[in-house]
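Examination of the molecular architecture
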Amino acid sequence: MKVAYMVWFERLDLESLAPFALANANSNKLIWLDSADNEHRLGRYSYVCLDPVRTFETWDAASMRAVMRRVAKSGSRTHNAVPPPLFSGGLVGVLNYEACKSILWKQIDRPADPSAVCYFGLYDTIIALDHCENAAWIMSRGFSENRLEPDKSRAMRKISQVLRHLEDCRAGSFQPSRLDWTLDVSKRDFVASVQQLQTLIEEGDLFQANLSQNLSALVPAACTPLSLYLAARRSNPAPFSAFAQIDDRAIISTSPERLIHADADGTVEARPIKGTIKRACDEQADAALQKALLESEKDRAENTMIVDLLRNDLSRVCEAASVEVNELCALESYAGLHQLTSSITAKLSADKDMFDLLEALVPGGSITGAPKTRSVEVIEALEQGPRGMFCGTLGYIGFDGASDFNILIRTIEVEGQKARLTVGAGITHLSEPVAEYEETLLKAERLVECSLNEEARDLSHQ
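The structure reproduced in this document is the subject of the present report. Here the structure is a predicted model, which means the values were calculated and not measured. (Residues numbered from 1 in each chain as written. Predicted model: local features only at pLDDT ≥ 70, side-chain atom pairs only at ≥ 80, totals over all residues. Heavy atoms only, no water.)

Regarding empty space enclosed by the protein
- Counted under the stated rule, the structure contains four cavities of 30 Å³ or more.
- Roughly 160 Å³ of volume is contained in the largest cavity.
- Taken together, 18 residues make up the lining of the largest cavity; nearest its centre are Asn210, Ile409, Arg410, Gly424 and Lys443.
- Where the lining of the largest cavity is concerned, the elements lending two or more residues are β16 (273–278), β23 (418–427) and α11 (433–448).
- With four residues, β16 is the single largest residue contributor to the lining of the largest cavity.
- Here the residues of the lining of the largest cavity sort into five nonpolar, seven polar and six charged.
- Estimated volume of the second largest cavity: approximately 100 Å³. (1 Å grid on protein atoms, 1.4 Å probe; cavity = no way out; pocket = protein on both sides within 12 Å on 5 of 7 lines; lining within 4 Å. Points joined across faces, edges and corners; volume = space filled by probe spheres on them. Helix = DSSP H or I, 4+ residues; strand = E, 2+ residues; numbered from the N terminus. Nonpolar A, V, L, I, M, F, W, Y, C, P; charged D, E, K, R; others polar.)

Regarding the side chain of glutamate 98
- Relative to the helices and strands, glutamate 98 is located in helix α3 (residues 97–106).
- The buried charged residue glutamate 98 lacks any salt bridge partner; its closest oppositely charged side chain belongs to lysine 101, at an N-O distance of 4.8 Å.
- A polar contact is formed between the side chain of glutamate 98 and the backbone nitrogen of arginine 387, at a distance of 2.7 Å.
- With residues near it in sequence (within four places) discarded, glutamate 98 still touches Asp113, Ser115, Ala116, Pro386, Arg387 and Gly388. (Buried < 20%, exposed > 50% of the residue type's maximum accessible area, 1.4 Å probe, protein only. Lys, Arg positive; Asp, Glu negative; His and termini not counted. Salt bridge = Lys/Arg side-chain N within 4 Å of Asp/Glu carboxyl O. Polar contact = N/O pair within 3.5 Å; in protein donor to acceptor, adjacent residues only side chain to side chain. Contact = heavy atoms within 4.5 Å.)

Here we look at the pattern of salt bridges
- For the structure on display, the rule yields 31 salt bridges.
- For the salt bridge of aspartate 404 with arginine 258, the shortest nitrogen-to-oxygen distance reads 2.9 Å. Of this pair, aspartate 404 sits in strand β21 (residues 403–406) while arginine 258 sits in strand β14 (residues 258–262); the two residues are 146 residues apart in sequence, bridging distant segments of the chain.
- Looking at aspartate 404, the relative accessible area reads 14%, which means it is buried.
- The salt bridge partner of arginine 374 is glutamate 377, with a shortest N-O separation of 3.2 Å. In this pair, arginine 374 and glutamate 377 both sit in helix α10 (residues 372–383), three residues apart, roughly one turn of the helix.
- Using a relative accessible area of 29% as the deciding quantity, one classes arginine 374 as partly exposed.
- Taken together, the salt bridges that share partners define one network made up of Arg258, Glu269, Arg271, Glu327, Glu332 and Asp404.

Quick look at the environment of glycine 204
- The residue glycine 204 is located in the loop between α5 (187–202) and β11 (208–218) in this model.
- Look at glycine 204 and you get exposed, because its relative accessible area is 59%.

Description of the packing of helix α8 (residues 297–315) against helix α9 (residues 354–361)
- The geometry of α8 relative to α9 is characterised by a closest axis approach of 9 Å and an angle of 145 degrees between their N-to-C directions. As α8 runs across α9, the sense of the crossing is right-handed. Of the residues in α9, those touching α8 at Leu310, Asp313 and Leu314 are Leu357, Ala360 and Leu361.
- A breakdown of the residues in the contact of α8 with α9 according to their chemical character gives five nonpolar, no polar and one charged. (Axes fitted to C-alpha atoms, helices over the stretch in contact; angles between N-to-C directions. Left-handed = near helix turned anticlockwise from the far one by under 90°.)

As for the packing of aromatic side chains
- The full count for this structure, using the stated rule, is eleven aromatic pairs.
- Between tyrosine 45 and tyrosine 47, the aromatic rings sit 6.4 Å apart at their centres with planes inclined by 20 degrees, giving stacked as the arrangement.
- Its relative accessible area of 4% is what places tyrosine 47 among the buried residues.
- Taken together, the aromatic side chains of Tyr45, Tyr47, Phe87 and Tyr396 make up a single cluster linked through ring pairs. (Phe/Tyr/Trp six-rings, centres within 6.5 Å; stacked < 30°, edge-to-face > 60°.)

Focus on helix α7 (residues 283–294)
- For α7, with twelve residues, the first-to-last C-alpha span of 17 Å sits near the 16 Å given by 1.5 Å per residue.
- Listing the buried residues of α7 in full gives Asp286, Leu289 and Leu293. The buried residues of α7 all sit within an arc of 55 degrees when viewed along its axis, so they share a single face.
- Buried residues belonging to α7 abut β16, α8, β17 (324–334) and β18 (337–347).
- Structurally, the start of α7 carries an N-cap: the backbone nitrogen of glutamine 284 is 3.2 Å from a side-chain oxygen of aspartate 282. (Expected span 1.5 Å × (residues − 1). Arc of directions from axis to C-beta.)

Examining the pairing of β14
- The buried fraction of β14 is high, at five of five residues.
- Both β14 and strand β15 (residues 267–271) contribute to a ladder of three bridges, which runs antiparallel. What sits directly across from alanine 262, in β15, is valine 268.
- For β14 and β21, the ladder comprises four bridges, and the chain directions are antiparallel. The partner of alanine 262 across the bridge, within β21, is serine 403. (Pairing = 2+ DSSP bridges.)

Shown next, in the form of structure tokens:
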């Protein structure tokens with residue numbers, strides 16, 4: 001057992017964090033930050049976060065800042081090196097789309113959305129896996145709800161308890177179930193909404209907006225949310241995947257998109273994804289599809305507009321001269337599809353922190369549109385219902401200030417026995433409405449695993 005920055009940890013011999021997630025499947029507020037696509041260059045680390053010592057269920061940045069500063073101060077008495085994983089404890093949680101929208105609305109004195117959901121837990125016990133080095137650790141600071149001070153005895157007890165629980169449950173398994181998905185909106189209605197958006201774009205009301213539609217399903221009683229996630233990560237691996245069980249709500253995400261990452265020194269990166277095309281099994285056909293995406297005027301314009309939007313968002317909290325575009329419309333390949341991704345980096349201003357950064361960026365520009373405020377208003381009018389977890393954000397803010405948040409796309413939300421999968425497409429004046437509809441189905445394909453029921457199939461061909 002070692003101590004570093006008042007963190008006690010043990011080295012583990014394992015290649016996956018799935019056993020820890022299965023062992024704690026019935027634990028409330030389990031969060032698994034999972035680089036399921038660990039062959040991707042962004043997918044190096046995964047974490048299972050267990051048993052928060054304190055929770056926040058409204059976005060109260062001032063209170064969360066105060067807690068984080070108190071913990072950081074208490075942990076500054078030693079200078080030993082922490083284990084290599086980038087995250088060894090802090091705030092981990094989620095803002096649904098309506099909570100993100102409420103943060104945006106607050107900046108212009110509009111009331112919060114009643115559908116807003118926020119959850120952040122203060123997690124001091126973390127299991128971490130470095131996929132590149134095949135190294136893993138279990139770490140704890142030994143906090144309690146009433147005492148946010150490092151405690152070696154309590155930390156060792158927590159570590160021992162988790163390891164003992166793992167041994168008790170190591171023989172566990174899961175049985176995936178195929179869900180009977182139904183499209184909530186007809187092809188005809190979705191295409192009509194695309195055309196309405198294009199009319200607004202032609203009138204100069206906005207440049208682009210992301211339009212979504214829902215698929216819904218009933219979850220069999222024998223099927224657990226974690227079993228759904230394990231099946232989804234196998235079918236659709238992605239570097240910013242996550243599973244969270246928070247009260248009676250589960251989040252199953254195989255997201256390829258990073259909203260924002262920040263190092264402890266304040267270096268930040270946003271990685272918007274705009275532009276999608278299917279993959280082909282034949283190598284020559286697949287190369288042709290990649291070329292088509294890279295040369296697509298519509299997709300490149302869509303991506304570039306969001307890059308400009310994010311440059312503006314970052315400049316509100318970062319040093320203006322530091323905002324740079326490192327990659328523009330680079331091709332990235334994932335299970336079932338190719339996408340265009342850009343990278344914008346910056347240096348956080350000295351008087352700002354990750355809470356300011358998050359508030360400046362949500363909701364993410366790639367899943368709203370440009371200009372952001374107007375696109376959010378138009379989305380609200382056309383979609384006529386809350387998005388829920390779709391297009392929200394999930395991630396962490398470490399005790400050292402380092403942070404990483406995804407955008408919750410390719411995400412299934414389970415509440416009770418009801419599951420919802422929402423998928424969207426970016427609409428511009430160059431969009432072909434039927435093609436945009438088909439793009440939403442392409443994005444859903446890996447998660448539903450061809451289990452659309454007959455009604456949904458009929459709808460998809462109307």
